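Chain residues, written in single-letter form:
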Amino acid sequence: MNVSRRKFIKSMALNSAAATAASLFPGISFGAWKRIDQPSGMIHWQKTPCRFCGTGCGLLVGVSGDRAVAVKGDPNCTVNKGLCCVKGYHSVQILYAEDRIKDALVRKNGKLVKVPIREALDLVAEKMKETIKDHGKDAVAIYGSGQWSIADGYVASKLFKGCIGTNNVEANARLCMASAVTGFMTSFGLDEPMGCYDDIDHADVFVTWGNNMAEMHPVLFSRMLANRKSKDHVRIIDFATRTTRSSQASDRSILFRPQTDLAVANAICHEIISNNRVNWDFVQKHVSFHKGKTNIGYGTEDHFAFNDKAETIDFEEYKKFLEDYTPEKVEKLSGVPAKDIKYLASLYGDPDQKVTSFWCMGMNQHTRGTWINNLVYNIHLLVGKISTPGNSPFSLTGQPSACGTVREVGTLTHKLPHGVVMNEDDRKMAADIWQVPLKNIDPKPTYHTVEMFRALDRGDIRFMWVQVTNPMVTMPNLIRYRNGALKEGRFMVVSEIYPTPTSDVADVVLPSALWIEREGFFGNSERRTQHNAEIVPPPGEAMSNTWQIIEVARRLGFEKQFPWSRETYIEDAWTEYIRFHDSPKHRMAPYKELTTRSGIQWPFVDGKETKWRYNPKYDPAAKGDDFDFYGKPDNRAWIWARPYEPAAESPDSEYPFWLNTGRVLEHWHTGSMTRRVPILHKAVPESYVEINTEDAAMMGIVNGEKVKIISRRGSVVMTASIDGRGRPPKGMVFVPFFDENHLINEVTLDAFCPISKQPDYKKCAVKLEKA
């Protein structure tokens, strides 16, 4: 970490919260939405979606003059109904820290120096042309974010895939949501949840699969608690690998050994069948059975390639497959008592109980992430608890537009906004809308995120443009990829709002407008598209990521594809983009409609949004009078026979502990924004390692002591937290990854799910030493 940046952030913890807020954020709320001084003039309130996580809470931002001075929840937004989490209540403070990047920077004689942004954009375009000429089109790449607005991702895809002709487009949602995508695609043929947040109000039972919702999705968890408070019979079951605040608020907490959620899910299905709890009417009409390849590897080697192959099986073969997953057998593997497995099966199998399952990173950041998504869908499909109010398998997202920008726009190497690059019809549609020759759109995907950074290290990629994400903190096996970015012959462009370890390795830094400083759209977890207006002006020469890309595209000679004016480019891009989704299965709301409402769920057909998909009572694309899983060619949802397979790396005599990583309530991702909010930084000023009390006692480690965490890839020294807010079981340690002073991803393993290519940040082997 840059020394001056470390001193600046540390100062916020050392000073009192009020004094720090007053000095760094004059006129800004420091608690909920109360002002700490009286701004001149009237406060005007304007609606906008929240900048954090994928919940998509609606906010009202108070503006005085050209400054945001207050924030509160939007009572008219159905997502949060006026409630916010601690990050939302302090969100406007992320705009105004004193080290905000306001000017373009170019590295000269080893140092980043200020230059006019026009000069920086000229250099970016020049280096792209030079790289393509010397090394070919696939030597340039862009790496974006689930924090990209929809327009950001759309113009990036159009420029790189349509105009330049490379599929080197990826985003950090590959690290958080790719397994959710492949889970949906393999089970239903279409991406994104069939349900919505209204399921929370209707459900009788909630099962959270490896998901600490109390901290990661606190507003949705609060809605669950409110439902339980209003109805005595409602239950929340926490199914996880460590004890968290979610566990403490749940009716029952069930711990399993890492990776064995696969076996437990199969055991639940075994019990449902054994106890004749199958909804046979639903299964016979709407389900088919399949199996794929097994022993599929872990992707730890360069150029790893895998393609699954689906085979149709019948129910009897599926039932026989489950014979290896009796509760008693799975108890020995997972540590989950057979009685708890049977209890879970009884909840799912009870026809009088509506059940909603929630999950996020615990299932998706998994070397068999696609499989565990499939297996939870299997449970719901066997009992027919899907696509009706309160019955929902629901994958939550961790970024404000991981769904809208990455999954819907298709900012992954194999994707197009409506399909995939491998499909000729999809390429033809894109070529027509983008006004480029069909041959420009390459039918072959290039690099997923991990392989993209491996390609940068190898030299296959020479130019990389990173926008509003922080891979020099978030990439697993980080040392390799940071060293790769610093190699001779690499050119790194970083669009950012604050200095980060990623901007530290940049050759050009472009100042980005943030959130309400620019117009845009986000897409949240429940298929809700949300518009945000430009409410306050950006500082200095900062501009939106969308406009940065348009400026570079024009310098590359693509004025025809990017003819839009500075005044209307967001509306123009949106109007063009939604042509890709103009069918009842995914129709998006028009620009004007979105600007007047706190979000609209797609499909949006005949002026109505869709809350539950695949059910003709609610979904205009569903045919007939019963469920219609129209994403698959047989119009059925697919149940998959997916086995348990072990993690890529497990504890042994040399490295005896599991390492699990994640987030905390107060900080978001790498902390580049929330660590600059004084009250949030003061609450959790640095990362730490949670250690089980028995393990700590055995090693003579006390709370607050420095501990060295060591893997086969690297090491990091952190402060021990024993019996704190989170309590791992014996043999596991947990580390939040928000702190750039303690880069835990120098320790993690870059193994991934071979189907989704999403890395597993939850499981690798480490040892501990006193520092």
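Residues numbered from 1 in each chain as written. Predicted model: local features only at pLDDT ≥ 70, side-chain atom pairs only at ≥ 80, totals over all residues. Heavy atoms only, no water.

## Here we look at the nonpolar core
And step 1. Counting residues in hydrophobic clusters, the biggest one holds 92 residues, and the most contacted among them are Phe-188, Trp-209, Ile-268, Ile-272, Tyr-318 and Leu-381.
And step 2. Two domains each put at least three residues into this core: domain 2 (104-175 + 401-563) and domain 3 (178-279 + 308-398 + 630-641).
And step 3. Among residues more than four places away in sequence, those in contact with Ile-272 are Arg-277, Val-278, Ala-345, Tyr-348, Ile-379, Leu-382 and Val-383.
And step 4. In this structure, Leu-121, Val-409, Leu-510 and Tyr-569 belong to the second largest nonpolar core, which totals 64 residues. (Core = buried A, V, L, I, M, F, W, Y, C linked by side-chain atoms within 4.5 Å. Buried < 20%, exposed > 50% of the residue type's maximum accessible area, 1.4 Å probe, protein only. Domains from an automatic or database assignment. Contact = heavy atoms within 4.5 Å.)

## Section: the sheet that holds strand 24 (residues 657-662)
By definition, the strands of a sheet pair up through backbone hydrogen bonds, in either a parallel or an antiparallel sense.
And step 1. Strands sit in the order 24-28-25-27-26-29 around a closed barrel of 6 strands; the barrel is mixed. Averaged over all pairs of adjacent strands, the angle between their axes in this sheet comes to 45°, without regard to strand direction.
And step 2. Where strand 26 (residues 706-710) and strand 29 (residues 764-770) come together, 4 bridges link them in antiparallel fashion. Each residue of the ladder has a partner; that of Ile-710, found in strand 29, is Lys-767. (Pairing = 2+ DSSP bridges. Helix = DSSP H or I, 4+ residues; strand = E, 2+ residues; numbered from the N terminus. Axes fitted to C-alpha atoms, helices over the stretch in contact; angles between N-to-C directions.)

## Things to note about the packing of aromatic side chains
And step 1. Taken as a whole, this structure holds 37 aromatic pairs when the rule is applied.
And step 2. A centroid spacing of 5.0 Å and a plane angle of 75° characterise the contact between Trp-209 and Phe-239, whose relative ring orientation is edge-to-face. Residue Trp-209 is found in strand 8 (residues 205-209), and its partner Phe-239 is found in strand 9 (residues 235-240); the two are separated by 30 residues along the sequence. Both residues of the pair, Trp-209 and Phe-239, count as buried.
And step 3. Measuring from ring centre to ring centre gives 4.9 Å for Trp-612 and Tyr-618, while their planes differ by 55°; the resulting arrangement is tilted.
And step 4. Given the relative accessible area of 5%, Trp-612 is considered buried.
And step 5. A relative accessible area of 32% means that Tyr-618 is categorised as partly exposed.
And step 6. An aromatic cluster is present here, built from Phe-184, Phe-188, Phe-282, Trp-359, Tyr-377, Tyr-614, Phe-627, Phe-629 and Tyr-630 joined pairwise through their rings.
And step 7. In this structure, Arg-67 is placed above the aromatic ring of Tyr-96, and the distance from its NZ or CZ to the ring centre is 4.0 Å. (Phe/Tyr/Trp six-rings, centres within 6.5 Å; stacked < 30°, edge-to-face > 60°. Lys NZ or Arg CZ within 6 Å of the ring centre and 35° of its normal.)

## Structural notes on the sheet that holds strand 22 (residues 600-601)
And step 1. Strands sit in the order 20-21-22 across an open sheet of 3 strands; the sheet is antiparallel. Either end of the sheet is taken by a strand with one partner, and the two such strands are strand 20 (520-523) and strand 22.

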